[in-house]
Amino acid sequence: MNLANHHQDLGELRSVHRPSTVRLWLMALVALALLSFVMLGVLALLNSLTSGPAINKEGTLNTNFAPAICLGVPVLLLALIGSFLVKDFRKWSATRTSKLMIFEKGFSYETAGRMETCHWDDIKDITFRRVEVASKHSPPRTVNLIRSIVKKDGEMISLAETLNLTSITKLITAERK
């Protein structure tokens, strides 16, 4: 079926939504910064080890463990950020081809080579999940984000978590009214 004919009865295209990579790029930049601190720590540790232990005036052995201690914190942070980066990358890569197109009379959702379309009148129910949103200048608040849409024929359309569900929820609930 031709894509243009497939969307013809949904009216004018309002917006297109795809999974965002901003969070992945930010975490990658933080991981690179931590990696540079780890490399500097390794160089400082190697420098202190190659200079050898020195004997001070009292005749005791003077060992400097400061570079080794300073190396531990960036390594732990790098491992933590790295694990979050891998988890988010796996989630994003599974849904990277997802695309939600919102039209004036409905929407279409394409994921894993499968396309589903839905008119606003065909929606039987929308399942929401409650998410707590923190703010710098106000107390935390909870918002409802779309998890899935159930059509009148019983078909369920589950949206990818990597889409900007906040803006999509606003658009779909406003168009549906």
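Above this text you will find the structure in question.
Residues numbered from 1 in each chain as written. Predicted model: local features only at pLDDT ≥ 70, side-chain atom pairs only at ≥ 80, totals over all residues. Heavy atoms only, no water.

Q: Would you explain the overall build of the protein chain in this entry?
A: The number of helices and strands found in the protein chain is four helices and nine strands. Order of helices (α) and strands (β) in the protein chain, N terminus to C terminus: α-β-α-β-β-α-β-β-β-β-β-β-α. Counting the 177 residues in the protein chain, one finds 28% classified as buried. Considering only contacts in the protein chain between residues 6 or more positions apart, those separated by 24 or more positions represent 61%. Accessible surface, the protein chain: about 12100 Å² in total, of which carbon and sulfur atoms supply 61%. (Helix = DSSP H or I, 4+ residues; strand = E, 2+ residues; numbered from the N terminus. Buried < 20%, exposed > 50% of the residue type's maximum accessible area, 1.4 Å probe, protein only. Contact = heavy atoms within 4.5 Å. Areas by Shrake-Rupley, 256 points an atom, 1.4 Å probe, with all protein chains shown as cover.)

Q: Sorry, what's going on with the sheet that holds strand β6 (residues 114-119) here?
A: Paired through their backbone hydrogen bonds, the strands of a sheet run either parallel or antiparallel. In space, the four strands of this open sheet follow the order β1-β4-β5-β6, with antiparallel pairing throughout. In this open sheet, the two edge strands, each paired with only one partner strand, are β1 (13-17) and β6. Going from strand to strand, the sheet's axes swing by 15° on average, the running direction of each strand aside. Relative to β6, strand β5 (residues 106-111) is paired through six bridges, and the arrangement is antiparallel. (Pairing = 2+ DSSP bridges. Axes fitted to C-alpha atoms, helices over the stretch in contact; angles between N-to-C directions.)

Q: Explain the environment of glutamate 12 to me, please; I cannot follow it from the model alone.
A: Mapped onto the elements, glutamate 12 comes out in the loop between α1 (3-7) and β1. C-alpha separation for the pair glutamate 12 and glycine 106, spaced 94 residues apart in sequence, amounts to 9.6 Å. In this view, glutamate 12 contacts Ile102, Phe103 and Glu104; residues no more than four positions away in its chain are not counted.

Q: What am I meant to see in the nonpolar core here?
A: In summary, soluble globular proteins display a tendency toward joint burial of nonpolar side chains. Counting 19 residues, the largest nonpolar core has Leu100, Phe107, Tyr109, Leu159, Leu163 and Ile172 as its most contacted members. Where this core is concerned, the elements lending two or more residues are β4 (99-103), β5, β7 (123-133), β8 (141-151) and α4 (165-176). For this core, the leading source of residues is β8, giving four residues. The residues touching tyrosine 109, leaving out its near neighbours within four places in the chain, are Ser98, Lys99, Leu100, Arg114, Met115, Glu116, Ile157, Ser158, Leu159, Ala160 and Leu163. (Core = buried A, V, L, I, M, F, W, Y, C linked by side-chain atoms within 4.5 Å.)

Q: Just checking my understanding: could you explain the pattern of salt bridges for this structure?
A: It is possible for side chains of opposite charge to pair when their charged atoms get near one another. Summed over the entire model, instances satisfying the criterion amount to four salt bridges. With its nearest N and O atoms 3.7 Å apart, the salt bridge here joins glutamate 104 to arginine 14. Separated by 90 residues along the polypeptide, glutamate 104 in the loop between β4 and β5 and arginine 14 in strand β1 bring together distant segments of the chain. Classification of glutamate 104 by relative accessible area gives partly exposed; the value is 33%. Arginine 14 sits in the partly exposed class, given a relative accessible area of 46%. Between arginine 114 and glutamate 116 there is a salt bridge, with its nearest N and O atoms 2.6 Å apart. For glutamate 116, a relative accessible area of 7% translates into the label buried. (Salt bridge = Lys/Arg side-chain N within 4 Å of Asp/Glu carboxyl O.)

Q: What should I look at first to understand unusual backbone geometry in this one?
A: A negative phi holds for most residues other than glycine; trans holds for most peptide bonds. Phi is positive for alanine 112, close to 50°, though the residue is something other than glycine. Residue alanine 112 is classed as exposed on the basis of its relative accessible area of 70%.

Q: Mind showing me how you'd approach the side chain of glutamate 116 here?
A: The residue glutamate 116 is located in strand β6 in this model. Among residues more than four places away in sequence, those in contact with glutamate 116 are Phe107, Ser108, Tyr109, Glu155, Met156 and Ile157.

Q: Honestly, the sheet that holds strand β9 (residues 156-158) in this entry has me stumped. Any pointers?
A: Reading across the sheet, the three strands line up as β7-β8-β9 and stay open at both edges, with antiparallel pairing between neighbours. Looking at which strands have only one partner, the edges of the open sheet turn out to be β7 and β9. Direction aside, neighbouring strands of the sheet carry axes that sit 35° apart on average. Relative to the sheet, α4 contacts β7 and β8, its axis offset from that of β8 by approximately 60°.

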